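An overview of the molecular structure
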Amino acid sequence: MEILQRNIYDFPKYYDLVYGSDWKAEFDFLNGVFAAHSSHPVGNVFEPACGTGRLIYRFARAGFRVGGNDLNRSAIEYCNERLRRAGSTDNAMVGDMTDFNLQQPVDAAFNTINSFRHLNSETLAANHLGCMADAIRKDGLYVLGLHLSPESGETCDSESWSATRGYLTVNSSMWLVERDYESRFERFGMTFDVYTPTRQFQIRDEVAFRTYTAIQIQSLIEQNGRFDIEAVYDFHYDLEQPIELNESIEDVVLVLKRK
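1. Focus: the overall build of the protein chain
- What the protein chain contains, in helices and strands, is 6 helices and 12 strands.
- For 259 residues, the compact-globule estimate of 2.2 N^0.38 gives 18 Å, and the protein chain sits close to it at 18 Å.
- Reported as C-alpha extents along the three principal axes, the dimensions of the protein chain are approximately 55 × 45 × 35 Å.
- Per-residue burial for the protein chain yields a buried fraction of 51% across its 259 residues.
- Counted over contacts in the protein chain with a minimum sequence separation of 6, partners at least 24 positions apart contribute 67%.
- Carbon and sulfur atoms form 45% of the exposed surface of the protein chain, whose accessible area is close to 12,300 Å².

Below you can see the structure in the form of structure tokens.
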């Protein structure tokens, strides 16, 4: 098989096929969170690190005003093209999730698939929360999903996904390469095996994440001082089953309310 050593995010069509195929569970969950936890009707939403717009595109189609940013220009171009097809006048922009300003605050924002952990220092993470607090109206919501490092029990160190659309199939794998809890760093290998009617090839990349325990993420939010933890869920996205933030939890979705 042909091997390409490239940035996974430079292939938005393949990325969106793999990670966008299960959009509905997150979309329905977010709508449920807005209904259950927002003090005001939610009409405009923002997604930092929005990538291909797999979620804001669906919100646009549902009649929401949407916006987003991402550092990857290929992903933003892909996102904006689908927003235009949906008839949305809102645009995603190339931008840094740790350094941005919105012209008007939004009712709610979300970042549900670990993108927050790409911020590799406490300073960058704090800057991001500061930007989000400025971007969200008082009593608005920020729904933040991430994998934590449980302090007891085993961790999930590999995952794989597969998706097909028409004659295109993409199989994705991700596995732990290196982890150092003292420096709060972990590195994963990642591949996309791509199958088209005329070509088969593999894209190889590595991604790095900052690690968080339950105590560390709670401390970061408390230090920011502008959000309260309104509720906690896991990646089952079950609104009827909120969970407790504790040392054994690995997958969490934090519903943060802007003070």
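2. Some points on the packing of aromatic side chains
- Scanning the model with the defined rule gives 18 aromatic pairs in all.
- Ring centres of Phe27 and Phe59 lie 4.7 Å apart, and the angle between their planes is 50°; this geometry places the pair in the tilted category. Taken together, the residues span a long stretch of sequence, with Phe27 in helix 2 (residues 23-37) and Phe59 in helix 3 (residues 56-61) at a distance of 32 residues. Here Phe27 and Phe59 have matching classes, each one buried.
- Ring geometry for Phe29 versus Tyr237: centroids 5.0 Å apart, planes at 40°, classification tilted.

3. Let's talk about helix 1 (residues 12-20)
- Counting buried positions over the 9 residues of helix 1 gives 8, a clear majority of the element.
- Buried residues of helix 1: Pro12, Tyr14, Tyr15, Asp16, Leu17, Val18, Tyr19 and Gly20, and no others.

4. So, unusual backbone geometry
- Positive phi outside glycine occurs at Ala49, with the angle close to 55°.
- Inspection of the secondary structure puts Ala49 in the loop between strand 2 (44-48) and helix 3.
- The phi angle at Arg184 is positive, at roughly 60°, despite the residue not being glycine.
- Locating Arg184 in the fold gives a position in the loop between strand 8 (168-180) and strand 9 (185-195).
- On the basis of relative accessibility, which here comes to 13%, the residue Arg184 falls in the buried class.

5. Some details on the environment of Arg179
- Examined against the element boundaries, Arg179 turns out to sit in strand 8.
- A C-alpha to C-alpha distance of 19 Å links Arg179 and Ala125, two positions 54 residues apart in sequence.
- Of the polar contacts made by the side chain of Arg179, one reaches the side chain of Asp157; its length is 2.9 Å.
- A distance of 2.8 Å separates a polar atom in the side chain of Arg179 from a polar atom in the side chain of Glu186.

6. Overview of the pattern of salt bridges
- For the coordinates displayed, the defined rule picks out 16 salt bridges.
- For the salt bridge of Arg84 with Glu81, the shortest nitrogen-to-oxygen distance reads 3.2 Å. In this pair, Arg84 and Glu81 are both assigned in helix 4 (residues 73-85), 3 residues apart and thus about one turn of the helix distant.
- With a relative accessible area of 35%, Glu81 lands in the partly exposed category.

What counts, and where the lines are drawn
- Residues numbered from 1 in each chain as written.
- Predicted model: local features only at pLDDT ≥ 70, side-chain atom pairs only at ≥ 80, totals over all residues.
- Heavy atoms only, no water.
- Helix = DSSP H or I, 4+ residues; strand = E, 2+ residues; numbered from the N terminus.
- Rg over C-alpha atoms; globule rule 2.2 N^0.38 Å.
- Buried < 20%, exposed > 50% of the residue type's maximum accessible area, 1.4 Å probe, protein only.
- Contact = heavy atoms within 4.5 Å.
- Areas by Shrake-Rupley, 256 points an atom, 1.4 Å probe, with all protein chains shown as cover.
- Phe/Tyr/Trp six-rings, centres within 6.5 Å; stacked < 30°, edge-to-face > 60°.
- Polar contact = N/O pair within 3.5 Å; in protein donor to acceptor, adjacent residues only side chain to side chain.
- Salt bridge = Lys/Arg side-chain N within 4 Å of Asp/Glu carboxyl O.

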